[in-house]
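So you can see what is in the structure, the chains are spelled out below.
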Amino acid sequence: MFVRYLVFIFGLYLLAWGVVLIVRSALGTTPISCVNYVASMHTPLSLGTCTFIINMILIGVQLWLVRGRRTRRDVMEIGLQVPFSFVFAAFIDFNMALSRDLVPAGYAMSLAILALGCVVQALGVVFEIKPHVAMMSGEAVVKYASQRYGREFGRLKVVFDCTLVCTAIALSLLLCGRVEGVREGTVVAAAATGYIVTFLNARVLTRRNLSRTVSALAILTGGRRN
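Quick caveat, the model's predicted, so the values are computed rather than measured.

Visitor: Looking at this structure, how should I read the overall build of the protein chain?
Guide: Across its full length, the protein chain carries 9 helices and 0 strands. Counted from the first residue to the last, the protein chain has its helices and strands arranged as α-α-α-α-α-α-α-α-α. Buried residues in the protein chain amount to 41% of all 226 residues. Counted over contacts in the protein chain with a minimum sequence separation of 6, partners at least 24 positions apart contribute 77%.

As structure tokens, this is what we get:
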């Protein structure tokens, strides 16, 4: 279980790097982060802090969705999101600081950083879901909404992402009179990441391959100790 949590936290770190790289591409950001990004651009709060606040709001929404039929497991799953949201927010701010000097020299470089961000983000998602220990607030709120209203998860996820993008656009127009934080990179990230996750999960980072890697590392570590 300890190793599972370590893998999950590693996935969060990669996920945070993916978000930061997409932001640094200057082509927008991911749907799940667009409201946070717009808020961070027009307030003294960092992107990580805004991400943590939005996640707390989503946790509140989850508690409302499970009202009347809340189980102990639901409370534990939702409660675990609080510390992991804090860790994820810290990772975002840390990586934003590390990448402060990453400024695209042109549109081609922006596309390259965007593509790298999508791949890194997809890797983070795979490492996040493999251990089966927790869910992040964005996916969890869709899960509980689908259970509450008997809707298919995938369709609700699309509705949820579109709602976030529309909210970010409205917030941007309200705060500065123009659209910021939502560009073609937002569409690319939304469309491409899922396919990359599916490919990595099914062909590259399978349970068999991960088990072989862990076994090889264990043998290598044991050999060095001897």
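Visitor: Explanation requested: the nonpolar core in the structure shown.
Guide: If you look at soluble globular proteins, the nonpolar side chains tend to sit buried side by side. Counting residues in each nonpolar core, the largest one holds 18 residues, and the members touching the most others are Cys34, Val141, Tyr144, Phe160 and Ala168. Elements with a minimum of two residues in this core: helix H2 (31–41), helix H3 (47–65), helix H6 (137–149) and helix H7 (153–176). Those residues in contact with phenylalanine 160 that sit more than four places away from it in its chain are Ile32, Leu58, Gly138, Val141 and Val142. Leu12, Val20, Tyr37 and Phe88 belong to the second-largest nonpolar core, a separate cluster that totals 17 residues.

Visitor: Looking at this structure, how should I read the confidence of the model for the protein chain?
Guide: Caution is warranted with low-pLDDT regions, since their predicted coordinates should not be read in detail. Summing up the model confidence of the protein chain, the mean pLDDT is 84 and the portion of residues at 70 or higher is 89%. At the low end of the mean pLDDT range in the protein chain sits helix H9 (residues 207–225), at 57; at the high end sits H3, at 94.

Cut-offs and rules
- Residues numbered from 1 in each chain as written.
- Predicted model: local features only at pLDDT ≥ 70, side-chain atom pairs only at ≥ 80, totals over all residues.
- Heavy atoms only, no water.
- Helix = DSSP H or I, 4+ residues; strand = E, 2+ residues; numbered from the N terminus.
- Buried < 20%, exposed > 50% of the residue type's maximum accessible area, 1.4 Å probe, protein only.
- Contact = heavy atoms within 4.5 Å.
- Core = buried A, V, L, I, M, F, W, Y, C linked by side-chain atoms within 4.5 Å.
- pLDDT = per-residue confidence, 0-100.

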